[in-house]
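A structural walkthrough
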Amino acid sequence: MAEVILKNVYKRYNGTAAVTNVSLEIVDKEFFILVGPSGCGKSTTLRMVAGLEEVSDGEIWIGGRKVNDVPPKDRDIAMVFQNYALYPHMTVYENMAFGLKLRKYSKREIEMRVKEAAEILNMGNLLERKPKELSGGQRQRVAVGRAIVRKPKVFLFDEPLSNLDAKLRVQMRAELSKLHDRLQTTIIYVTHDQVEAMTMGDKICVMKDGVIQQIAPPLQLYNRPANRFVAGFVGSPPMNFLTVRISERKEAGKTSLWIKEPDTDNRPDSFQLKIEKEMEATLKPYVGKEVTLGIRPEDIYDRLFYAGEIHEGSWTKVTVEVVEPMGAEKYLYLNTGKNSIIARMEPQNSAKPQQDIDVVVNMSKIRVFDLQSEKSII
């Protein structure tokens with residue numbers, strides 16, 4: 001078993017909290033991602049698991065053993081760093097074998113493990129080269145191979161792809177996912193890149209200012225964010241946020257809830273959308289109050305090109321400010337009257353800057369957040 005558990009873990013530097021009350025349960029064979037902006041505490045948390053940072057408070061357990069006072073070399077973990085940390089005067093083979101030599105493995109066992117790792121990483125032809133003769137991606141493979149030969153309980157990755165170019169990062173993401181499937185071991189992976197997190201992780205922990213914001217599988221994180229920060233951090237382009245007021249409208253003897261931008265009651269062409277029936281009960285207490293509306297760019301459609309059924313109140317007028325052709329899609333930057341939002345449109349969209357268009361919003365996908373606490377209401 002390679003389960004990793006953190007119980008109420010704190011890290012303080014001279015009285016300042018870098019990590020606050022972090023509790024995690026990472027199950028055996030899970031690909032677990034710690035993600036967040038720079039300075040959020042994700043790397044500090046990883047280094048505490050590795051034993052490279054002392055825990056100020058709390059407990060860390062690896063494989064059923066409390067490791068707070070266990071030195072890094074005895075924790076049965078292997079870490080892959082951002083800068084690869086290869087010895088420049090050693091060959092690839094020697095770099096991968098070095099840790100095993102320190103642990104007094106036999107020459108035969110070392111050779112077997114190194115060749116096995118080289119085969120897994122498809123770099124058998126690189127074993128006699130030195131790091132300066134390798135590309136960035138090849139150096140990354142060597143660093144991963146050095147971890148693999150250890151056959152640890154847990155692999156720790158600290159932003160391992162951040163030094164690679166965009167194309168190579170995509171390739172290495174796929175290779176690391178395949179590696180996890182093949183090795184069937186526990187991986188804790190730190191990144192600031194939400195695309196890496198969404199494409200690789202079985203479970204993702206989003207952190208901000210040393211505090212956990214939400215832990216969930218990728219799709220749950222995307223579809224059911226716990227608060228505004230998570231909603232804005234996950235997704236590319238990010239979610240649009242608008243300050244709106246919930247209002248009640250009576251028509252033909254029926255009452256319905258609508259969303260409008262504040263101070264636009266006398267403008268019939270203003271941004272306004274009708275709340276779906278399933279959401280009304282939850283939002284009823286907010287009638288007359290301002291909330292934050294979240295709409296993902298892919299849930300906004302140009303009415304002119306929309307083939308689906310258009311329900312009452314699911315479309316509104318906006319003004320196009322900027323058009324960005326992206327090849328397979330177009331990004332439209334739109335003005336709602338009081339807010340600017342971005343929409344991801346089909347490539348054949350013909351909208352031009354300064355043009356008024358009607359957009360349809362998938363109202364079943366909207367998110368609503370409390371204006372003060374920023375916690376999710378819907």
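First, a word on scope: everything that follows refers to the structure included in this document.

For helix α3 (residues 107-120), which comprises 14 residues, the first-to-last C-alpha distance of 20 Å matches the rise-based estimate of 20 Å (1.5 Å per residue) to within 8%. Of the residues making up α3, those classed as buried are Ile110, Arg113, Val114, Ala117, Ala118 and Ile120. Buried positions in α3, seen along its axis, are confined to an arc of 160 degrees and lie on one side of it. Facing away from the buried side of α3, by more than 90 degrees, are the exposed residues Arg108 and Glu119. Among the structural elements, α2 (92-102), α4 (136-148) and α5 (166-183) are those in contact with the buried residues of α3. Phi turns positive one or two residues past the end of α3, at Asn122, with a value near 55 degrees.

As a further point, take the packing of α4 against α5. Between α4 and α5, the least distance of the axes is 11 Å, while the angle of their chain directions is 20 degrees. Classified by the interaxial angle, the pair formed by α4 and α5 is roughly parallel. Crossing handedness for the pair α4 and α5: right-handed. Contacts between α4 and α5 involve Gly136, Gly137, Gln140, Arg141, Val144 and Ile148 from the former and Leu168, Gln171, Met172, Glu175, Leu176, Leu179 and Leu183 from the latter. Partitioning the contact of α4 with α5 into residue classes produces 7 nonpolar, 4 polar and 2 charged.

Below, the discussion takes up the sheet that holds strand β18 (residues 340-345). Taking strand neighbours across the sheet as the criterion, the 5 strands line up as β15-β19-β16-β17-β18 in an open arrangement whose pairing is antiparallel. Strands with a single pairing partner mark the edges of an open sheet, and in this sheet they are β15 (300-302) and β18. Taking each pair of neighbouring strands and ignoring which way they run, the sheet shows an average axis angle of 50 degrees. Of the pairings in the sheet, the one linking strand β16 (residues 315-325) to strand β17 (residues 330-335) comprises 6 bridges and is antiparallel in character. Across the sheet, Val322 pairs through a bridge with Tyr333, a residue of β17.

Let us now look at the environment of Pro238. Looking at where Pro238 falls in the secondary structure, it is placed in the loop between α8 (228-233) and β11 (240-251). Separated by 58 residues in the primary sequence, Pro238 and Arg296 place their C-alpha atoms 7.0 Å from one another. Those residues in contact with Pro238 that lie beyond four places of it in its chain are Gly232, Pro297 and Ile342.

Right, let's talk about the pairing of strand β12 (residues 254-260) for a bit. For β12, the buried fraction is high: 5 of the 7 residues fall into the buried class. For β11 and β12, the ladder comprises 7 bridges, and the chain directions are antiparallel. When the sheet's bridge partners are listed, Arg245 is paired in β12 with Lys260. From the end of β11 to the start of β12, which pair antiparallel, there are 2 residues, and Ala252 there has a positive phi angle of about 55 degrees. For β12 and strand β13 (residues 272-274), the ladder comprises 3 bridges, and the chain directions are antiparallel. From the neighbouring strand, Ile259 faces β13, where its bridge partner is Leu273.

By secondary structure assignment, the location of Asp370 is in strand β20 (residues 367-370). Lys289 provides the closest opposite charge to the buried, unpaired Asp370, separated from it by 7.4 Å. At 2.9 Å, the side chain of Asp370 and the backbone nitrogen of Gln372 are in polar contact. When residues no more than four places from it in sequence are discounted, the contact partners of Asp370 are Tyr286, Lys375 and Ile377.

Close contact between α2 and α3 brings their axes to 10 Å; oriented N to C, the two are set at 135 degrees. In terms of axis orientation, α2 runs oblique to α3. Considering only the axes of α2 and α3, their crossing is right-handed. Contacts between α2 and α3 involve Tyr93, Met96, Ala97, Leu100 and Lys101 from the first element and Ile110, Glu111, Arg113, Val114, Ala117 and Ala118 from the second.

So, on to α5. For α5, which comprises 18 residues, the first-to-last C-alpha distance of 26 Å matches the rise-based estimate of 26 Å (1.5 Å per residue) to within 8%. Along α5, the positions that sit buried rather than exposed are Leu168, Met172, Arg173, Leu176, Leu179 and His180. What you see down the axis of α5 is that its buried residues fit within an arc of 145 degrees, all on one side. Turned more than 90 degrees off the buried face of α5, the exposed positions are Lys167, Lys178, Asp181 and Arg182. Its buried side turned inward, α5 meets β3 (31-35), α3, α4, β7 (154-158), β8 (186-191) and α6 (194-200). Sitting at the head of α5, Asp165 places a side-chain oxygen 3.2 Å from the backbone nitrogen of Lys167.

Parameters at a glance
Residue numbers run consecutively from 1 along every chain, following the written order of its sequence. At least 70 in pLDDT is required for a residue's local features to be given in this predicted model, at least 80 for side-chain atom pairs to be given and counted, and no such filter applies to totals for whole chains, interfaces and linings, which use all residues. With hydrogens and water excluded, all non-hydrogen atoms of the structure serve as input to the side-chain values. Put simply, DSSP H or I for four residues or longer makes a helix, DSSP E for two residues or longer makes a strand, and each gets a number counted from the N terminus. Expected span, for any helix, means 1.5 Å times one less than how many residues it has. Residue exposure (1.4 Å probe, protein chains only): buried if accessible area is under 20% of the type maximum, exposed if over 50%, otherwise partly exposed. The arc in question is the one spanned by the directions pointing from the helix axis to the C-beta atoms. Contacts between residues were defined by any pair of non-hydrogen atoms, one from each residue, lying within 4.5 Å. A fitted line through C-alpha atoms represents every axis, and for helices the fit uses only the stretch in contact; the resulting angles, taken between N-to-C directions, go from 0 to 180 degrees. The cut-offs work like this: below 35 degrees is roughly parallel, past 145 is roughly antiparallel, 65 to 115 is roughly perpendicular, and the gaps in between are oblique. Less than a right angle of anticlockwise turn of the near helix away from the far helix marks a crossing as left-handed, whereas a clockwise turn marks it as right-handed. Classes in brief: Ala, Val, Leu, Ile, Met, Phe, Trp, Tyr, Cys and Pro nonpolar; Asp, Glu, Lys and Arg charged; the others, Gly included, polar. For two strands to be treated as a pair, DSSP must find at least two bridges joining them. In this tally, Asp and Glu contribute negative charge and Lys and Arg positive charge; neither His nor the terminal groups of the chain are included. Think of a salt bridge as a Lys or Arg side-chain nitrogen and an Asp or Glu carboxyl oxygen that are within 4 Å of each other. What qualifies as a polar contact is a pair of N or O atoms within 3.5 Å, subject to a donor-acceptor requirement within protein and to the restriction that residues adjacent in sequence count only when both atoms come from side chains.

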